[in-house]
Amino acid sequence: MNEPSTAPASVRPTLAAVARLAGVSNSTASLAFSGTGPVSDATRERVLAAAKRLNYAGPDPRARSLRRGRSGIVGVVMEERVRDAFRDPIKIALLDGITEEIGAIDAGLLILTDAGEAAQRIEDAPMDAVVLVGCSPRLDESVATLRQRGIPLVAIEGDPADGVPTIGQDNREATRVAAQHLYDLGHRDVSVVTLSLTRDRARGPLTPDRLAAASSTTALDRLAGARDVFPDAPGWVTRGSFVEEGRAAGRALLADARHRPTAVIAQSDLLAAGVIRAAEELGLEVPWDVSVVGFDGVRVDGLWPYDLTTLVQPAVEKGRAAGRAVVEMLEGGEPIPSTFTSVFHQGNTTAAPRVSSGAPVVG
């Protein structure tokens, strides 16, 4: 008959108890349980059998965190609500890449937003490091708050502050390539559909006042690339990278035949898909009545039979680079900033305009 345990049922079994039952030292039990180190198969089996008998599930993660002086959490700050972020395939790809790399230090992700009351978590959430997604118009406030806390930072795009390593993207040059493609096809009347420019995420025409107040580096760089080729290109500002925002922008830009552009440069593939839907609803043929260019190189549901002309960015690789930078900083190293290059993909959503829209642009 087994003797009853003298320990209260609520007491968590310890590694030391497992070591005593298995007849080994605490360090040998730790190595055996983790599957690492010079421990014989027989000893490992004895330790695992003892752990099973005591219902020992493994080292207490809270104790491990205290020993390391870390929380085991890497924060990712985004500007939109979480449910909106998970509608964006680029954000998902970035998170995948980050997760792959921080697994090397047994860290997990905590997704924080720059929107509403959730922004307060940036001030007090337990985190070892933070990755800032640089599309955020509020990036400057996030940087200031996190720097006060002494938390290591990595930025994906944006220009946050001195000493913050940045994983960059060739947004301006990539968009310039797309704009030059449209120019070479004969387009001269081109409009731009931008990502959110300001912290209030206002939607509407791209006016000088909105441009002067803009704080989103990604959107500004992509706009600059379009205007390198089409200096006076007008545009429409959206609330973010969503198909419905692109549709609203498309209807605003294409509804009036007297002022309709022959091509639209959208700052994301989701926005481009929305512009195409708006064109179809207005009875226009893409690309013959209006050409459309996107940015990202992602699969957009419901876009068939279109093969979007776009700039393909290496989103997963960017996430991995940010994750590697986090690991490097937490291990006492100095990460090297890096910049990624997009690849132009010519699909079937661009073609020469049916009718010339004016004199050639000099540039």
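Residues numbered from 1 in each chain as written. Predicted model: local features only at pLDDT ≥ 70, side-chain atom pairs only at ≥ 80, totals over all residues. Heavy atoms only, no water.

(A) Seen up close, the overall build of the chain. Along the backbone of the chain there are 14 helices and 13 strands. Burial status across the chain gives 48% buried among its 363 residues. Considering only residue pairs separated by 6 or more positions, the chain has 72% of its internal contacts joining residues 24 or more positions apart. Accessible area for the chain stands at about 17,800 Å²; split by element, carbon and sulfur atoms hold 51% of it. (Helix = DSSP H or I, 4+ residues; strand = E, 2+ residues; numbered from the N terminus. Buried < 20%, exposed > 50% of the residue type's maximum accessible area, 1.4 Å probe, protein only. Contact = heavy atoms within 4.5 Å. Areas by Shrake-Rupley, 256 points an atom, 1.4 Å probe, with all protein chains shown as cover.)

(B) Summary view of helix 14 (residues 315-330). Along its 16 residues, helix 14 runs 23 Å from first to last C-alpha, staying within 8% of the 22 Å computed at 1.5 Å per residue. Those residues of helix 14 lying buried are Ala315, Lys318, Gly319, Ala321, Ala322, Gly323, Ala325, Val326, Val327, Met329 and Leu330. One or two residues past the end of helix 14 sits Gly332, with phi positive at roughly 90°. (Expected span 1.5 Å × (residues − 1).)

(C) Examining the pairing of strand 4 (residues 153-156) more closely. Here strand 4 shows a buried face lined by Leu153 and Ala155 and a second buried face lined by Val154 and Ile156. Of the pairings in the sheet, the one linking strand 3 (residues 129-133) to strand 4 comprises four bridges and is parallel in character. Each bridged residue has a counterpart across the sheet, and for Leu132 the counterpart in strand 4 is Ala155. Where strand 4 meets strand 5 (residues 166-169), two bridges bridge the pair, whose relative direction is parallel. Note that in strand 5 the partner of Ile156 across the bridge is Ile167. (Pairing = 2+ DSSP bridges.)

(D) Focus on the packing of helix 12 (residues 243-254) against helix 13 (residues 269-281). At a minimum axis distance of 6 Å, the contact between helix 12 and helix 13 shows a crossing angle of 50°. With respect to helix 13, the element helix 12 is oriented oblique. When the axes of helix 12 and helix 13 are compared, the crossing they make is right-handed. From helix 12, Val243, Glu245, Gly246, Arg247, Gly250, Arg251 and Leu254 reach across to helix 13, where they touch Leu270, Leu271, Ala273, Gly274, Val275, Arg277, Ala278, Ala279 and Glu281. (Axes fitted to C-alpha atoms, helices over the stretch in contact; angles between N-to-C directions. Parallel < 35°, antiparallel > 145°, perpendicular 65-115°, else oblique. Left-handed = near helix turned anticlockwise from the far one by under 90°.)

(E) Summary view of the sheet that holds strand 5. If you walk across this open sheet you meet the six strands as 2-1-3-4-5-12, and the pairing is parallel. Of all strands in the sheet, those with a lone pairing partner are strand 2 (108-113) and strand 12 (338-340), marking the two edges. Each strand axis lies, on average, 20° off the axis of its neighbour in the sheet, ignoring direction. Packed onto the sheet, helix 6 (residues 89-102) meets strand 1 (73-78), strand 2, strand 3 and strand 4 and runs at close to 145° relative to strand 2.

(F) Examining the environment of Lys91 more closely. For Lys91, the position within the fold is in helix 6. We classify Lys91 as buried; its relative accessible area is 4%. For the pair Lys91 and Ala315, spaced 224 residues apart in sequence, the C-alpha to C-alpha distance is 8.1 Å.

(G) Representation of unusual backbone geometry. With omega at 15°, the peptide bond leading from Val286 into Pro287 counts as cis. By secondary structure assignment, the location of Pro287 is in the loop between helix 13 and strand 10 (291-293). A cis amide bond links Trp304 with the next residue in sequence, Pro305, at an omega value of 15°. Although it is not a glycine, Asp106 adopts a positive phi angle of roughly 55°. Secondary-structure assignment places Asp106 in the loop between helix 6 and strand 2. Its identity is not glycine, yet Asp296 carries a phi of approximately 140°, on the positive side. With respect to the element layout, Asp296 can be found in the loop between strand 10 and strand 11 (310-312). Residue Asp296 is classed as buried on the basis of its relative accessible area of 6%.

(H) A look at the nonpolar core. Core analysis: the largest hydrophobic core is formed by 46 residues, its most contacted members being Val193, Phe230 and Leu254. Of all the secondary structure elements, the ones that give two or more residues to this core are helix 9 (171-185), strand 6 (190-194), helix 11 (217-229), strand 8 (235-237), helix 12, strand 9 (263-266), helix 13 and strand 10. Contact partners of Leu254, with chain neighbours within four places excluded, come to Arg260, Pro261, Val264, Val275, Ala279, Leu282, Leu284 and Val290. Within the second largest apolar cluster, 26 residues are counted, among which are Ile90, Val133, Ala315 and Met329. (Core = buried A, V, L, I, M, F, W, Y, C linked by side-chain atoms within 4.5 Å.)

It is worth stressing that arrangement in space is one thing and function is another; only the former is reported here.
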